Amino acid sequence: MNPPSKPFLIDKRQVYEAYLEVRSKEGAGGIDGVTIEQFEKDLKGNLYKVWNRLSSGTYFPPPVRAVTIPKKNGGERILGVPTVGDRVAQTVVKQMIESDLDKIFLADSYGYRPNKSALDAVGVTRERCWKYDWVLEFDIKGLFDNIDHSLLMRAVRQHVTCPWALLYIERWLTAPMLREDGTLIGRTHGTPQGGVVSPVLANLFLHYTFDLWMARAFPHLRWCRYADDGLVHCRTEKEARAVWEALNSRMTECRLELHPTKTKIVYCRDNRRKGKYENVAFDFLGYCFRPRSVKGPVSQGMFCGYTPAVSKPALNAMRSTIRNMRLRKRTQVTLGDIARELNPITRGWIAYYGRYTRSALYPLARYIDQTLAVWMKRKFKRFHHRMGHARDFLAKIARENPRLFVHWQLGASGGLA
């Protein structure tokens, strides 16, 4: 426990448990370039520094490192990457406040919450699209960059009473960002996307900005929110437009803005709902919801249903990941080596995107097989000018050892097996 001279009672065990969580999530180094492996070379000393500064009130977070990453649907997103030590400090505070805050959040808020997942949100959305004819799909433009500090801290003080947690939350909000060109940017609003404590703070902000507001303004409508992406299910197009107008005003009131191109009204057209409308599909959490031919009871055969399947941007992102692995040119490795590297990735994709309309992953499986066939053609001389023979040989391996690659277990339509 702490010596009596420390103004804040923070158990050293809290700091160690926070470090274990940080280590489990890995991640890059911050502005100091120190990786988790380097941090662990003097683990006891580094954790002591974090604890000593936190418990004495002298912890001041270093600037976060700006990292630009591409978005799945085009454009770029700037992440603010804290140092490993700062991630540990933020995790101490997150673990302190998260469980209490989670108790106040509403059931249809799914993002960044314990025991909630994106697949839960996809599943409940699937069911509600069967019950409601219309969906207002909305996206909050630059949420993490634009959260108003004064409004956020008002919400934080409503629920966080721990004095040192309040102190450090305020300091993290104003910690500057170091851009890739060396420019140091101060912050008067926003909370860096990439910070450990940022998701729970953003959830708290939107709890007041959207969730509770919806419960007051439109208590009869069902909604679903995952961080800054959300859906409101409506009975009529007129009702959806009324919600859109009211929500736009609400966001302005809270100093946020709906994304002008990502916010739209969608008609959930299926076997029962007829007519032509501008928007009959929307993407949510990597799934595309749209009219599809689905198999009904034997007497009914195929019919038009409104169901989710992996979206085109998600498929493109997965293909891009495969391309970036440069498997086709790595002829020095074995097929088993490729399987060991690739399987954990494809297993995660299938677990997530294969939950609904699994067959939509077949094009990905065929792309992986094509990549493997090109690798085989380049590796073995007998296949150099015989691509068809390389594919045939790969198919033979798949028949004899169908468990070698995870994607082969999708079935005959999805791969070679």
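Draft legend 1. Geometry of the packing of aromatic side chains. One pass over the structure, following the stated rule, counts 22 aromatic pairs. Ring centres of Tyr59 and Tyr168 lie 6.0 Å apart, and the angle between their planes is 85°; this geometry places the pair in the edge-to-face category. Highlighted residues: Tyr59 in the loop between α3 (43-56) and β1 (64-70) and Tyr168 in helix α8 (residues 163-174), separated in sequence by 109 residues. Here the two residues Tyr59 and Tyr168 agree in accessibility, since each one is buried. Arranged with centres 5.0 Å apart and planes meeting at 65°, the rings of Phe405 and Trp408 form a pair that is edge-to-face. Residues Phe405 and Trp408 agree in their burial class; the two are buried.

Draft legend 2. Local environment of the side chain of Ser55. Along the chain, Ser55 falls in helix α3. Polar contacts involving the side chain of Ser55 include one to the main-chain carbonyl oxygen of Trp51, which spans 2.8 Å.

Draft legend 3. Inspection of the pairing of β1 at higher detail. Relative to strand β4 (residues 177-178), β1 runs parallel, the two being bridged by 2 bridges. Each bridged residue has a counterpart across the sheet, and for Arg65 the counterpart in β4 is Leu178.

Draft legend 4. Quick peek at unusual backbone geometry. Non-glycine residue Asn115 carries a positive phi angle of around 65°. Along the chain, Asn115 turns up in the loop between α4 (84-104) and α5 (118-131). Exposure remark for Asn115: the relative accessible area of 81% places this residue in the exposed category. Despite not being glycine, Ala227 shows a phi value in the positive range, around 55°. For Ala227, the location among the structural elements is in the loop between β6 (222-226) and β7 (229-234).

Reading the values: the criteria
- Residues numbered from 1 in each chain as written.
- Predicted model: local features only at pLDDT ≥ 70, side-chain atom pairs only at ≥ 80, totals over all residues.
- Heavy atoms only, no water.
- Phe/Tyr/Trp six-rings, centres within 6.5 Å; stacked < 30°, edge-to-face > 60°.
- Helix = DSSP H or I, 4+ residues; strand = E, 2+ residues; numbered from the N terminus.
- Buried < 20%, exposed > 50% of the residue type's maximum accessible area, 1.4 Å probe, protein only.
- Polar contact = N/O pair within 3.5 Å; in protein donor to acceptor, adjacent residues only side chain to side chain.
- Pairing = 2+ DSSP bridges.

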